[in-house]
Amino acid sequence: IDIPLNLTGGPYIGDFRKSEKRAPPPPPPPRKPAIEAPETAVPTYRVPPVYPPRALRAGIEGSVTVEFTITPEGEVADPEIVKADPPKIFDRAVLRAIRKWKFQPKIVDGKPVARRAVQVIRFTLDRNRRRR
């Protein structure tokens with residue numbers, strides 16, 4: 001038993017346990033580089049995605065929201081599917097196409113810089129087309 005005693009006869013005010021040093025709180029988790037909130041950017045060169053044959057045969061329409069980085073050279077890097085409706089049907093076609101797109105880079109202090117962007121790509125069928 002670790003009980004502190006006051007041998008001088010006066011009252012003792014304090015803990016009955018040894019004081020424990022508390023560890024400092026852990027540092028916050030590292031964040032991705034702060035580029036900016038994603039914005040809708042207008043491409044200078046656009047390759048349309050190929051309508052997946054399976055979706056075409058089944059008459060499926062939908063949309064995919066993709067977020068990516070526009071490099072200082074105006075190219076697309078790190079594309080990620082943020083939302084897809086329906087899921088997993090058009091994702092591959094969007095990723096293949098968006099990697100070929102080109103954008104005007106953002107200029108800050110006279111120099112091109114990377115920025116985050118978001119695009120919504122819609123897949124719709126021509127309802128007036130007749131099937132043979």
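Above: the structure in question.
First, a word on scope: everything that follows refers to the structure included in this document. Please read these numbers as outputs of a predicted model, since none were measured by experiment. (Residues numbered from 1 in each chain as written. Predicted model: local features only at pLDDT ≥ 70, side-chain atom pairs only at ≥ 80, totals over all residues. Heavy atoms only, no water.)

Describing the layout of surface pockets
In this structure, the largest pocket encloses a volume near 330 Å³. Around the largest pocket, the lining comprises 16 residues; the ones closest to its centre are Val50, Pro52, Arg92, Ala93 and Arg96. A per-element tally of the lining of the largest pocket places helix H2 (residues 91-98) first, with four residues. Looking at the lining of the largest pocket, its residues break down into eleven nonpolar, no polar and five charged. (1 Å grid on protein atoms, 1.4 Å probe; cavity = no way out; pocket = protein on both sides within 12 Å on 5 of 7 lines; lining within 4 Å. Points joined across faces, edges and corners; volume = space filled by probe spheres on them. Helix = DSSP H or I, 4+ residues; strand = E, 2+ residues; numbered from the N terminus. Nonpolar A, V, L, I, M, F, W, Y, C, P; charged D, E, K, R; others polar.)

Overview of H2
Along an α-helix, residues three or four apart share an orientation, since each turn contains 3.6 residues. Most of H2 sits inside the fold, with six of its eight residues counted as buried. Within the span of H2, buried status applies to Asp91, Ala93, Val94, Leu95, Ala97 and Ile98. Where H2 is buried, its residues meet strand S3 (62-70), strand S4 (76-85) and strand S8 (115-123). (Buried < 20%, exposed > 50% of the residue type's maximum accessible area, 1.4 Å probe, protein only. Contact = heavy atoms within 4.5 Å.)

Considering the pairing of S3
Of all the nine residues making up S3, seven are buried; the element is thus mostly covered by neighbouring parts of the structure. Pairing between S3 and S8: nine bridges, direction antiparallel. What sits directly across from Ile70, in S8, is Arg115. Across seven bridges, S3 lies against S4 in antiparallel orientation. Paired with Val66 across the two strands is Ile81, which belongs to S4. (Pairing = 2+ DSSP bridges.)

Re the side chain of Asp91
Looking at the secondary structure, you find Asp91 in helix H2. An unpaired buried charge is present at Asp91: no salt bridge exists, and Lys88, the closest side chain of opposite charge, is 4.7 Å distant. Excluding anything up to four places from it in sequence, Asp91 contacts Val64, Ile81 and Ala84. (Lys, Arg positive; Asp, Glu negative; His and termini not counted. Salt bridge = Lys/Arg side-chain N within 4 Å of Asp/Glu carboxyl O.)

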